[in-house]
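The residues making up each chain are set out below.
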Amino acid sequence: MHPSLNMNKKELVEQVADHSGLSKNKAELVVNAFIQRTQESLATGDALQLIGFGTFSVTDRAARKGRNPQTGQEIHIPACKMPQFKPGNKLKEAVK
């Protein structure tokens, strides 16, 4: 079974269940735990590194000026923290 081009969470849970032999309920717990733990790590400023897959981290985005596309008026965009993902070498190779 090939995953769809745009996999949603439900489809991911089904794929995890199929590939791991877990029930869909247990697979959903695993997926939810991964998502929650990743969010918690990033919220505290920690990175999550999965060797070969990639690294989830947080970067600081500086304040900048932008334009309202409807009015053309210049607006101030405040500084913020942004999550980012940097793919690992094995993931890069798999996608080639």
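Remember, predicted model here, so these are calculated numbers, not experimental data.

**As for the environment of alanine 43**
Then comes step 1: Within the fold, alanine 43 resides in helix H2 (residues 24-43).
Then comes step 2: Here the alpha-carbon distance between alanine 43 and valine 58, two residues 15 residues apart in the chain, equals 8.3 Å.

**Quick notes on the packing of helix H1 (residues 9-20) against H2**
Then comes step 1: As a packed pair, H1 and H2 sit with axes 8 Å apart at the nearest point and diverge in direction by 120 degrees. Viewed along their axes, H1 and H2 form a crossing whose handedness is right-handed. Contacts between H1 and H2 involve Lys9, Leu12, Val13, Glu14, Val16 and Ala17 from the first element and Lys24, Ala27, Glu28, Val31, Asn32 and Ile35 from the second.
Then comes step 2: Split by residue class, the contact of H1 with H2 holds seven nonpolar, one polar and four charged.

**What to know about the sheet that holds strand E5 (residues 80-87)**
Then comes step 1: Judged by pairing direction, the sheet is antiparallel, and its three strands sit side by side in the order E1-E2-E5 without closing on themselves. Because the sheet does not close on itself, it has two edges, and the strands there are strand E1 (48-50) and E5. Strand-to-strand twist of the sheet, defined as the mean angle between neighbouring strand axes without regard to direction, takes the value 30 degrees.
Then comes step 2: On top of the sheet, H2 reaches E1, strand E2 (54-61) and E5; it is set at about 40 degrees to E2, its chief contact.

**Comments concerning the packing of aromatic side chains**
Then comes step 1: Summed over all chains, the structure comprises three aromatic pairs.
Then comes step 2: Taking 6.2 Å as the distance between ring centres and 70 degrees as the angle between the ring planes, the aromatic pair formed by phenylalanine 34 and phenylalanine 56 counts as edge-to-face. With phenylalanine 34 in helix H2 and phenylalanine 56 in strand E2, this residue pair connects regions lying 22 residues apart in the sequence.
Then comes step 3: Overall, phenylalanine 34 belongs to the partly exposed group, its relative accessible area being 38%.
Then comes step 4: Between the aromatic rings of phenylalanine 56 and phenylalanine 85, the centroid separation amounts to 4.8 Å while the plane-to-plane angle is 50 degrees, which identifies the pairing as tilted.

What counts, and where the lines are drawn
Residues numbered from 1 in each chain as written. Predicted model: local features only at pLDDT ≥ 70, side-chain atom pairs only at ≥ 80, totals over all residues. Heavy atoms only, no water. Helix = DSSP H or I, 4+ residues; strand = E, 2+ residues; numbered from the N terminus. Axes fitted to C-alpha atoms, helices over the stretch in contact; angles between N-to-C directions. Left-handed = near helix turned anticlockwise from the far one by under 90°. Contact = heavy atoms within 4.5 Å. Nonpolar A, V, L, I, M, F, W, Y, C, P; charged D, E, K, R; others polar. Pairing = 2+ DSSP bridges. Phe/Tyr/Trp six-rings, centres within 6.5 Å; stacked < 30°, edge-to-face > 60°. Buried < 20%, exposed > 50% of the residue type's maximum accessible area, 1.4 Å probe, protein only.

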